[in-house]
Amino acid sequence: MADPLAGLYQELILEHAKRRSGSGLIEPFDAERFLRNPTCGDEIRLRVRLGGDAALVESLGWEGQGCSISQASASVLAEEAPGLRVSAVRERIEALRELLRSRGAIEPDEQLLGDAVAFAGVAKFPMRVKCAMLAWVALEEALDELDAR
Amino acid sequence: MTIGTEPTTGPALTEERIEQLRADFPILAEQPGGVPLVYLDSGATSQQPRQVLEAEWAFRTQRNAAVHRGAHTLAALATDDYEHARERIARFVGARPTEISWAMNATDALNTVALALAEANRARTVDASLRIREGDEILVTEAEHHANLLPWQRLADETGATLRWVEVDDDGVWTTEALLARITERTRVVALAHVSNVTGLVAEVEPIVAAAHAVGALVVLDACQSVPHRPVDLRALGVDAAAFSSHKMLGPGGIGVLYLAEALGAALPPARLGGSMITTVTMTEREFLPAPQRFEAGTQPVGAIVGLAAAVDYLEAVGMPAIEAHERALGERLAAGAASLPGVRLVGPRPGQERAGLASVVVDGVHAHDVGQVLDAAGIAARVGHHCAQPLHRRLGVAATTRASTYLTTTEAEVDRFLDVLSGVRSYFGAA
Ligand SMILES: Cc1ncc(COP(=O)(O)O)c(C=O)c1O
């Protein structure tokens with residue numbers, strides 16, 4: 001029988017869940033967000049530092065605990081966001097959100113999503129969408145806060 | 001199934017008997033994930049047999065009307081069903097009908113008790129023995145469901161009383177001795193779960209009631225996980241108040257039961273005011289009906305109440321002692337099986353010690369959410385999370401556990417399937 005979970009737990013996700021890239025809080029930082037998913041208790045504290053006249057994400061660090069999906073998605077984010085323009089990061093967050101909410105109706109744009117394309121399978125597991133988005137929403141809110149300053 | 005039969009022991013729940021019972025539960029034949037459903041989440045909510053659905057349907061299509069109001073024949077029929085249901089449920093838990101009032105669910109019932117005690121504190125006319133003053137104590141356990149913790153936290157905050165609790169050990173277990181040692185002259189309320197929804201620990205209620213009553217404290221029993229699964233006689237236990245939910249005992253959602261022992265029901269002021277609970281009202285004054293109506297402001301969900309009575313009929317026809325024995329065996333099978341798996345930590349009483357028909361586990365190196373996902377892929381509906389008991393989980397050092405809970409339709413094969421899938425989880429995530 002085909003593994004019904006293979007679409008969810010891609011190799012890359014399981015690897016990232018162990019690797020936990022970017023785990024650890026950075027100093028100095030420009031903004032910090034703490035988010036908690038009350039249904040499962042997953043939580044993340046994420047810090048971001050901008051560079052290039054605040055147009056670039058320079059560095060990003062996080063600590064938290066949660067399921068493999070939430071930990072892997074934080075790890076992927078921490079590997080891919082640094083060096084990107086803030087506008088590009090926002091675009092990527094929005095693209096991931098749209099993909100995950102599509103219930104599988106949208107073809108993932110690998111160009112736009114990078115390694116986050118591995119989370120495409122989460123779209124078929126609506127209960128896990130929040131897990132996959134946790135770190136990404138934390139970053140989005142941190143960027144919002146910086147915009148508002 | 002005839003109504004009004006004496007409680008029966010019922011034949012043992014053999015494989016054959018369970019097969020028959022399962023045929024009454026349409027949902028058990030569903031395949032929500034494309035694989036046969038293994039439902040191990042009755043602790044969260046139970047499924048309903050045809051008999052319950054049909055009783056509700058018959059009421060709603062033949063006898064529905066507002067009860068205790070109006071003079072038409074339909075209203076009289078509906079009122080008959082409604083009060084008959086109260087009698088039925090009272091008998092099921094060893095209570096008098098006047099000791100049974102309706103709530104939305106157990107959470108609502110527990111809140112009602114705490115709110116009514118807060119009201120007793122404010123109202124000048126109320127029995128002074130109900131008053132809770134600064135320096136008094138409210139005692140709970142560290143393992144309580146939030147429904148039996150938060151209302152007491154707030155009552156303590158409002159009255160200046162101190163919330164005290166008996167601590168649990170590394171397995172999430174507290175002892176009767178430790179609880180008794182926490183009862184003092186200042187204790188006014190002892191609130192505890194009869195059966196823990198996370199650990200399956202069964203509280204020894206009698207000595208706690210004796211010690212509480214000796215200092216004039218009330219005992220409030222969260223009977224959510226006991227009344228559906230074992231014979232419970234609330235009068236014999238001697239508790240002052242108890243709460244349970246219809247949806248956990250084969251009944252419909254939206255209705256719960258508040259038991260108030262006669263003396264407390266007579267003394268306690270109502271938390272909610274409105275229609276159906278008064279004798280005389282003027283523009284500035286109000287007089288209330290006695291219990292149970294005093295605690296039933298507004299229109300009740302009569303169809304659901306009729307469904308709950310049918311659920312009680314069903315449970316009694318199967319036999320609560322038989323259900324208890326069956327679940328005790330399944331609980332032991334779960335506990336012993338889980339404890340023997342490498343990298344799996346069993347929460348609650350050790351195998352061989354008394355526990356209800358449920359078990360919660362922690363899988364080393366794998367988050368409960370991921371455990372639940374693997375179980376789900378195998379068609380197993382188990383609950384993952386903190387089960388509304390965050391302090392207990394914090395004490396256990398985990399954010400979440402995975403719980404399998406059984407009921408009268410659960411088979412040994414289902415428990416074994418759960419254990420089998422559980423045993424493969426760590427290697428799936430590379431944690432083994
Ligand atoms: C021990 C215990 N207490 C209280 C509750 C609350 O029940 P309800 O949500 O039906 O009000 C539950 C069920 O979740 C429970 O298991």
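Conventions and cut-offs
- Residues numbered from 1 in each chain as written.
- Chains lettered and ligands numbered in written order.
- Predicted model: local features only at pLDDT ≥ 70, side-chain atom pairs only at ≥ 80, totals over all residues.
- Heavy atoms only, no water.
- Pairing = 2+ DSSP bridges.
- Helix = DSSP H or I, 4+ residues; strand = E, 2+ residues; numbered from the N terminus.
- Axes fitted to C-alpha atoms, helices over the stretch in contact; angles between N-to-C directions.
- Contact = heavy atoms within 4.5 Å.
- Salt bridge = Lys/Arg side-chain N within 4 Å of Asp/Glu carboxyl O.
- Buried < 20%, exposed > 50% of the residue type's maximum accessible area, 1.4 Å probe, protein only.
- Buried area = accessible area lost by both parts, 1.4 Å probe.
- Polar contact = N/O pair within 3.5 Å; in protein donor to acceptor, adjacent residues only side chain to side chain.
- Nonpolar A, V, L, I, M, F, W, Y, C, P; charged D, E, K, R; others polar.
- Expected span 1.5 Å × (residues − 1).
- Arc of directions from axis to C-beta.
- Near = heavy atom within 4 Å.
- Areas by Shrake-Rupley, 256 points an atom, 1.4 Å probe, with all protein chains shown as cover.

A. How the structure looks around the sheet that holds strand β3 (residues 137-141) of chain B. Residue and element names in this part refer to chain B. The strand order across the open sheet built from seven strands is β2-β8-β7-β6-β5-β3-β4, with neighbouring strands paired in mixed fashion. In this open sheet, the two strands that pair with only one neighbour each are β2 (100-103) and β4 (162-166). Averaged over neighbouring strand pairs, the angle between their axes works out to 20° when direction is ignored. As judged from the five bridges shared by strand β7 (residues 241-245) and strand β8 (residues 256-260), these two strands associate in the antiparallel manner. The partner of Ala242 across the bridge, within β8, is Tyr259. In this fold helix α4 (residues 106-122) packs onto β2, β5 (187-193), β6 (218-222), β7 and β8, with an angle of close to 155° to the strand it touches most, β7.

B. Just unusual backbone geometry, in detail. All names here are of chain A. Following Glu27, the chain continues into Pro28 via a peptide bond in cis, with omega recorded as -15°. Positive phi outside glycine occurs at Asp53, with the angle close to 60°. Tracing the backbone through its elements, the reader meets Asp53 in the loop between β2 (43-51) and β3 (56-65).

C. Quick peek at the pattern of salt bridges. The final tally for this structure, using the stated rule, is 41 salt bridges over all chains. The partner of Arg395(B) in a salt bridge is Asp170(B), with the nearest N and O atoms 3.0 Å apart. With Arg395(B) in helix α13 (residues 390-396) and Asp170(B) in the loop between β4 and α6 (176-182), this residue pair connects regions lying 225 residues apart in the sequence. A residue is classified by how much of its surface remains accessible, and Arg395(B), at 31% relative accessible area, is partly exposed. The exposure class of Asp170(B) is exposed, given its relative accessible area of 53%. By sharing partners, the salt bridges in this structure join Glu27(A), Glu32(A), Arg45(A) and Arg47(A) into a single network.

D. Representation of the interface of chain A and chain B in the model. On the side of chain B, 13 residues touch chain A, which itself brings 22 residues to the contact. When the two sides are added together, the surface that chain A and chain B hide from each other amounts to roughly 1400 Å², 54% of it contributed by carbon and sulfur. Considering only the side of chain A, the residues that lose the most area to chain B are Leu5(A), Tyr9(A) and Cys40(A), jointly responsible for 30% of the buried surface there. Asp370(B) serves as the salt-bridge partner of Arg128(A), at 2.9 Å between the closest nitrogen and oxygen. Summed over the shared surface of chain A and chain B, the number is seven residue pairs in polar contact (both at pLDDT 80 or more). Contributions of two or more residues to the side of chain A that touches chain B are made by α1 (11-19) and α2 (68-80) of chain A. Residue composition of the side of chain A that touches chain B, grouped by class: 13 nonpolar, four polar and five charged.

E. The arrangement of helix α2 (residues 50-62) of chain B in detail. Residues and elements named next belong to chain B. Between its first and last C-alpha atoms α2 spans 17 Å; for 13 residues at 1.5 Å apiece the expected length is 18 Å, and the two agree. All of the buried residues in α2 are Val52, Glu56 and Phe59. On an axial view of α2, the arc spanned by its buried residues comes to 65°, and they lie on one face. Residues of α2 that are exposed and point over 90 degrees away from its buried face: Trp57 and Gln62. Buried positions along α2 lie against α3 (73-92) and α10 (302-318).

F. Main features of the pairing of β7(B). Residues and elements named next belong to chain B. Along β7, five of the five residues are buried, which leaves the element largely enclosed by surrounding structure. The two faces of β7 match: Ala241, Ala243 and Ser245 on one face and Ala242 and Phe244 on the other face are all buried. Sheet topology places β6 next to β7; three bridges connect them, and they run parallel. Residue pairing for β7: Val220 is matched across the bridge by Ala241.

G. Layout of the site of the ligand. Residues and elements named next belong to chain B. Lining the immediate surroundings of the ligand are Asn105, Ala106, Thr107, His145, Ala147, Asn197, Asp222, Cys224, Gln225, Ser245, His247 and Lys248. One of the side-chain nitrogen or oxygen atoms of Asn105 is found 3.4 Å away from an oxygen atom of the ligand. Note that an oxygen atom of the ligand is positioned 2.6 Å from one of the side-chain N or O atoms of His247. With the chains in place, 89% of the 400 Å² that the ligand exposes on its own is no longer accessible. Grouping the constituent residues of the shell around the ligand by class yields three nonpolar, seven polar and two charged.

Everything listed here is a matter of coordinates, which is why it stays silent on function.
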